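# Examination of the molecular architecture
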Amino acid sequence: MNVTIDWAAFLQVFVAALVGATAIVTFYSVGLRLLVRSGRAPVVSPAEFTDAITVISEKELKRAAKQAAKAAKKSPLTETQKTISLVGAYGCFILCAAAVIAGILIIVVGH
């Protein structure tokens, strides 16, 4: 029994996975950056996890939300610029979702 490895196909799969992962991470990070730039910084409510993440109290959450709102008011951007940033952020998130769905479809359908 002789096993042969198609190294060209292996390299093709490796490059595709690397490019796909890089694209998804890039679009997500740019989307988050544009979301913050538009004045809508995501503030995550506290959750109860043991040793998984740092848990913040309700008081710290309210303070963070207040600081985010204050920073949004100080923004030198016009409302049009904020709207363009928000649309760009949603566009980046849509591209992330489309890439993930396309990857799942490629795996399931096999084409």
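Shown above is the structure to which this text applies.
Below or above, wherever it landed, is the structure these notes cover. (Residues numbered from 1 in each chain as written. Predicted model: local features only at pLDDT ≥ 70, side-chain atom pairs only at ≥ 80, totals over all residues. Heavy atoms only, no water.)

### Examining the packing of aromatic side chains
For the structure on display, the rule yields 2 aromatic pairs. Ring centres 5.6 Å apart and planes at 80° place the aromatic pair Trp 7 and Phe 10 in the edge-to-face group. In this pair, Trp 7 and Phe 10 both sit in helix H1 (residues 7–37), 3 residues apart, roughly one turn of the helix. Judged on exposure class, the residue Trp 7 and its partner Phe 10 are both exposed. A centroid spacing of 5.6 Å and a plane angle of 50° characterise the contact between Tyr 28 and Phe 93, whose relative ring orientation is tilted. (Phe/Tyr/Trp six-rings, centres within 6.5 Å; stacked < 30°, edge-to-face > 60°. Helix = DSSP H or I, 4+ residues; strand = E, 2+ residues; numbered from the N terminus. Buried < 20%, exposed > 50% of the residue type's maximum accessible area, 1.4 Å probe, protein only.)

### Some details on the packing of H1 against helix H3 (residues 79–109)
Where H1 meets H3, the axes come as close as 8 Å, and the angle between the chain directions of the two elements is 155°. Relative to H3, the element H1 is oriented roughly antiparallel. Once H1 is placed against H3, the crossing between them reads as left-handed. Across from Ile 24, Phe 27, Tyr 28, Val 30, Gly 31, Leu 32, Leu 34, Leu 35 and Arg 37 in H1, the residues of H3 making contact are Lys 82, Ser 85, Leu 86, Gly 88, Ala 89, Cys 92, Phe 93, Leu 95, Cys 96, Ala 99 and Val 100. Taken together, the residues that form the contact of H1 with H3 break down as 15 nonpolar, 3 polar and 2 charged. (Axes fitted to C-alpha atoms, helices over the stretch in contact; angles between N-to-C directions. Parallel < 35°, antiparallel > 145°, perpendicular 65-115°, else oblique. Left-handed = near helix turned anticlockwise from the far one by under 90°. Contact = heavy atoms within 4.5 Å. Nonpolar A, V, L, I, M, F, W, Y, C, P; charged D, E, K, R; others polar.)

### Regarding H1
Helical geometry note: an α-helix holds 3.6 residues per turn, so side chains three or four residues apart project in the same direction. Here H1 is 31 residues long and its end C-alpha atoms lie 44 Å apart, about the 45 Å a rise of 1.5 Å per residue gives. Positive phi appears at Gly 39, one or two residues downstream of H1, with a value of about 95°. (Expected span 1.5 Å × (residues − 1).)

### A look at the state of the cysteines
Throughout this description, disulfide means a covalent bond between two cysteine sulfur atoms. Tallied over the entire structure, the rule returns 0 disulfides. There is no disulfide at Cys 92, and the cysteine sulfur nearest it, in Cys 96, is 7.1 Å away. Judged by its relative accessible area of 10%, Cys 92 is buried. Residue class for Cys 96 comes out buried when judged on its relative accessible area of 8%. (Disulfide = S-S within 2.5 Å.)

### Some remarks on the side chain of Ser 38
For Ser 38, the location among the structural elements is in the loop between H1 and helix H2 (58–73). You can call Ser 38 buried: its relative accessible area is 7%. Non-local contacts of Ser 38, meaning those with residues more than four positions away in its chain, are made with Lys 82, Ser 85 and Leu 86.

Geometry only, nothing functional implied.
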